[in-house]
Amino acid sequence: MVFIEFGLLIASTIAFALACVMSWRALREHRRASVWFRVGFMTLGFALQCAFLSLRGQSLGRCPLTSGFEVLIFVTWSIALFYFLVGGGYRLSLLGFFTAPLIVIFQCVALSLFHPVNLPTVDPGLGSVAPVDYWLEFHAALALISYGAFALAFVAGVMFLIQDRYLRVGKTGVFFHQLPPIRYLTQAIGRLLWLGFLLLSVGILAAFKMESFPGFYKLIAISLVWLAYGAVIAMRLVGSLGGRRLATITVAAFIFPILSCLFL
Amino acid sequence: MSFVCFGYNHETASVASREKVSFTEARLPEALAQVRALDGVAEAAILSTCNRMELYLVADEESTTGHVIDRVGKWLQDHFELEEEDLGAFYHREEKATARHLFAVASGLNSMVLGETEIFGQVKKAYAVAQQSGTTGKFLNRLFQRCFTVGKHVRTHTNITRGATSVGAVGVEMAEKIFGDLKKCQILLIGAGEISRRTAQSLQSRGASAVIVSNRSHDKAVELAEEIGGRAIRFNEWDQELVKVDIIISSTAAPHHVVTQETLRPSLKQREGRPLFLVDLSLPRDIAPEVKQLESVYVHDLDALQRLAEAGKERRREQLEFCYALVDQHVTEFYTKVLPRTRPSNSGDANNSLTNA
C-alpha cells in the first residue's frame, strides 16, 4: 500500500512538473493549445494528490497529518485546490504558470522526507496510530488549508510585482500579455488574505477545544503566522497599502507559513 | 475548374490608384453579374475594401486561368477606364496560391495593420453579397467557408492579433492591463487636442463611461465634452477631480509640467491605493517624470507609447511564419479532403442561381 501511495505522489509530482513545462512552452511559442495541456496536467496532478491523501487517510484511519511529509503534501494539495478555485473564479491567466513550480518544489521537499519504513499506518488491532481527536484534525486541516490561500496570495503577489514592473518601465516582456490586470490581482490578493486569515482564525479557535495542549513551539509558530497576516489585513483596512506595497508585503509574509512548517 | 484571384492591395497600388478601382456596396451586385457573365468565368466574388480590391473567380472547365485573367483585366480596364499602365498594380494568383492568398487575407496576414480583424468581417460581407447575387457556386462556397475556418483558427491559435500597434491602442491596452474592465473607469482629459479626443474615444469604445474635459479655453472644453458625451470643467478645477478619476490624458501646450507629485499627492491618500493611469501626449511633457515614483501611479509618455506600438508590430511580424504554416496546412487539407468531395457540375449552383434570378 505504501508503495502505491508513493507511486501516486511521484506521478502527481511529474504531472505538475509537466504542467510547468507546458506553461513555459505556451509562453515561448505563443501557442494557446499548450495552455490546455497545462490545465490538464494540473488537474491530473490534483486528482493524484486526492487519491494519495485518500489512501493515506485509509492507512491511518484519520486525517493524514501525522508527519512533516504528510503536512507538506496536505499544504500542496490545498495550494492546488485554491488554484482551481481562484484561477477559474478570477480568470487569472498564468496563475498556473507560477503555482505549478511552487507545488513541484513543495512536493519534492516532501518526497525527500519520505521514508516508507517510518511511515505510520493503521494497526488493525488498535485502530488508528493514535486516538483520534477530531478537534485536533479540524484545527490542523483548517490551518493548513489556510496556508494554501496564503501560498496563492504569494503567487498573485509575485504576478502583481512582475506586471507592475512592466507597466512602470513601459516594456512588454514574455509575461505581459498573459498576466492579468493589476486591479484583479490586487482584489485576488486581498480576498485570499482574508480567506486564509479567517480559516486560520477558526483553526486556532478549534485548538482551544483540543483534548491535549498542541505544544508551545507549534502554538508560537502558528500565532506568528496569524499575527503577520492580521497585520497585513489591518494595514490594508486603514488604507495605508497601495497595490505594490500590498503585493510586496504579501510575498514577504509567506516566509511565516514556510518557517512555521518546521514546527508543525 | 480552377481558382483565380485578380486584384491589387495597399502594397501594390497607391491610394490614387486604389481610388480609381473600387466598388461601392450598392454597385457590387451589378459588377458581380457582369464579371460572372464574362467568357470562361463560372463563379465570382469581389472583395472591395479601402486597402484592396480582389476578384475571386472560378474558371470553367473549358477555359484556362490565363484566358480568364485576360478577360477580367479587359473588363476592369473598360469598366474603370484604366490605362494600360494602371494594370501594372494588379496581381493574380492561380489554384492553390488563390486559396492560400484568401486564407491569409481572412486571417489578417495580408493587411496593412498585420493581424487586424476587420478584414474578416469584410470578407464575410463580400461572400454574402456574392452569394445573394447568385455568382458563387460549389467551389467558391467551399473556398470561402474554409477561409472563415482558417481565419478563426489562426486568430485563436496564434498571437497574431495580440498586442497593440498604434499609440491610441497601446494606451487602451495599458489601461486594460491596469484596470481590466474599463466600464467603471473615469477619464480626465487635460487639454482638448485632437490626440486626446482620439485616445478618449478609444477608451470609450472599450467601455470607459465618464469623461471630464478641462482646457485653458473653456469653450473648447465644452465643445469637446459635447462631442464625446462628457462633462467640461474649468482648467483651475481639474485637480479637484483627482480622487475620482482613474485615467488622466494630458495634452496641453504648456511649456512646463502641469501634473507634478505635489498636485497628485493630496489625492492619493483618499484614493485608498486605487491605481491611477496617466497618459502624457504632449511635448514638452505635461507630467513631471518623478510622478512615476508615486505608489499606484502609472505614467506613459509619447515615447513609451510609440516604443510599445513598435514592439507590438514586431511581435506580430514574428508570428507570421507560424501563421503561414497553419494556412498552408489548411490549403493542403482543402485540396486533399474538401475539393475532391466537390464534384463539378455543368449546371453549377451559380448557373442555377443566375437562371433563377
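Residues numbered from 1 in each chain as written. Chains lettered and ligands numbered in written order. Predicted model: local features only at pLDDT ≥ 70, side-chain atom pairs only at ≥ 80, totals over all residues. Heavy atoms only, no water.

Caption draft 1: Region of the structure containing the overall build of chain A. Looking only at helices and strands, chain A features nine helices and zero strands. Residues counted as buried form 53% of the 264 residues belonging to chain A. Taking the intrachain contacts of chain A between residues at least 6 apart in sequence as the baseline, contacts between residues at least 24 apart amount to 80%. Carbon and sulfur atoms make up 72% of the accessible area of chain A, which amounts to about 11,800 Å² in all. (Helix = DSSP H or I, 4+ residues; strand = E, 2+ residues; numbered from the N terminus. Buried < 20%, exposed > 50% of the residue type's maximum accessible area, 1.4 Å probe, protein only. Contact = heavy atoms within 4.5 Å. Areas by Shrake-Rupley, 256 points an atom, 1.4 Å probe, with all protein chains shown as cover.)

Caption draft 2: Geometry of the layout of surface pockets. All names here are of chain A. Of the pockets and cavities examined, the second largest pocket occupies roughly 420 Å³. Around the second largest pocket, the lining comprises 22 residues; the ones closest to its centre are Leu65, Leu136, His139, Ala140 and Lys218. For the lining of the second largest pocket, the secondary-structure elements that each account for two or more residues are α3 (68-90), α5 (134-169) and α7 (216-237). In terms of residue count, α5 provides more of the lining of the second largest pocket than any other element does, six residues in total. Among the residues making up the lining of the second largest pocket, the classes are represented as 12 nonpolar, five polar and five charged. (1 Å grid on protein atoms, 1.4 Å probe; cavity = no way out; pocket = protein on both sides within 12 Å on 5 of 7 lines; lining within 4 Å. Points joined across faces, edges and corners; volume = space filled by probe spheres on them. Nonpolar A, V, L, I, M, F, W, Y, C, P; charged D, E, K, R; others polar.)

Caption draft 3: Looking closely at the domain arrangement of chain B. Partitioning chain B into structural domains gives domain 1 (2-157 + 314-356) and domain 2 (167-295). The C-alpha centroid of domain 2 of chain B is placed 44 Å from the C-alpha centroid of domain 1 of chain B. (Domains from an automatic or database assignment.)

Caption draft 4: View of the pairing of strand β10 (residues 297-301) of chain B. Residue and element names in this part refer to chain B. Across the five residues that make up β10, a large majority, five, are buried. Covered by surrounding structure in β10 are Val297, Val299 and Asp301 together with Tyr298 and His300, the residues of both alternating faces. Across five bridges, strand β9 (residues 276-280) lies against β10 in parallel orientation. Pairing of Val279 across the sheet is with His300, part of β10. (Pairing = 2+ DSSP bridges.)

Caption draft 5: Spotlight on the interface of chain A and chain B. The interface is formed by 26 residues belonging to chain A together with 31 residues belonging to chain B. Each partner contributes to the roughly 2,600 Å² buried at the junction of chain A and chain B, and carbon and sulfur atoms together form 46% of this total. The tally of links from chain A across to chain B stands at one salt bridge. Residue Glu295 of chain B pairs with Arg244 of chain A through a salt bridge whose shortest N-O separation is 3.9 Å. Our count for the contact surface shared by chain A and chain B stands at 18 residue pairs in polar contact (both at pLDDT 80 or more). At the level of secondary structure, the elements contributing two or more residues to the side of chain A that touches chain B comprise α5, α6 (182-207) and α8 (243-253) of chain A. When residues in the side of chain A that touches chain B are grouped by element, the largest group, six residues, is from α5 of chain A. Residues of the side of chain A that touches chain B, tallied by class, amount to 10 nonpolar, eight polar and eight charged. (Buried area = accessible area lost by both parts, 1.4 Å probe. Salt bridge = Lys/Arg side-chain N within 4 Å of Asp/Glu carboxyl O. Polar contact = N/O pair within 3.5 Å; in protein donor to acceptor, adjacent residues only side chain to side chain.)

Caption draft 6: How the structure looks around the sheet that holds strand β2 (residues 41-48) of chain B. Residues and elements named next belong to chain B. The four strands lie next to each other as β2-β3-β1-β4, forming an open sheet whose pairing is antiparallel. Each edge of the open sheet carries a strand with a single partner, namely β2 and β4 (91-94). Neighbouring strand axes in the sheet, compared pairwise and without regard to direction, differ in orientation by 15° on average. Where β2 and strand β3 (residues 52-59) come together, seven bridges link them in antiparallel fashion. Residue pairing across strands places Ser48 opposite Met53, the latter belonging to β3. Docked against the sheet, helix α2 (residues 28-36) engages β2 and β3, running at close to 150° with respect to β2. (Axes fitted to C-alpha atoms, helices over the stretch in contact; angles between N-to-C directions.)

Caption draft 7: Structural view of a positive patch on the surface. A cluster of like positive charges, contributed by Arg165 and Lys171 of chain A together with Lys292 and Arg307 of chain B, occupies part of the molecular surface. Following the sequence through the fold, Lys171 of chain A ends up in the loop between α5 and α6. Given a relative accessible area of 51%, Lys171 of chain A falls into the exposed group. (Patch = residues over 30% accessible without salt bridge, like charges linked within 9 Å, V, L, I, M, F, W, Y side chains within 5 Å. Lys, Arg positive; Asp, Glu negative; His and termini not counted. Charge placed at Lys NZ, Arg CZ, Asp CG, Glu CD.)

Caption draft 8: Molecular detail of helix α5 (residues 118-132) of chain B. All names here are of chain B. Its 15 residues give α5 an end-to-end C-alpha distance of 21 Å, which sits within 8% of 21 Å, the value for a rise of 1.5 Å per residue. Its buried side turned inward, α5 meets α2, β2, β3, α4 (96-106) and α6 (138-157). One or two steps after α5, the chain reaches Gly134, where phi turns positive at roughly 75°. (Expected span 1.5 Å × (residues − 1).)

Caption draft 9: Geometry of the domain arrangement of chain A. All names here are of chain A. When its domains are assigned, chain A resolves into domain 1 (1-115) and domain 2 (132-264). Distance between the C-alpha centres of domain 1 and domain 2: 19 Å. The partner domain 2 presents 31 residues to the 26 residues of domain 1 that form the contact. Taking both sides of the interface into account, the surface hidden between domain 1 and domain 2 amounts to around 2,500 Å²; carbon and sulfur atoms contribute 83%. Linking domain 1 to domain 2 there are one residue pair in polar contact (both at pLDDT 80 or more). Among the elements of the structure, α1 (2-29), α3 and α4 (95-112) are those that each provide at least two residues to the side of domain 1 that touches domain 2. If you tally residues by element for the side of domain 1 that touches domain 2, the top one is α3, at 10 residues. Residue composition of the side of domain 1 that touches domain 2, by class: 21 nonpolar, four polar and one charged.

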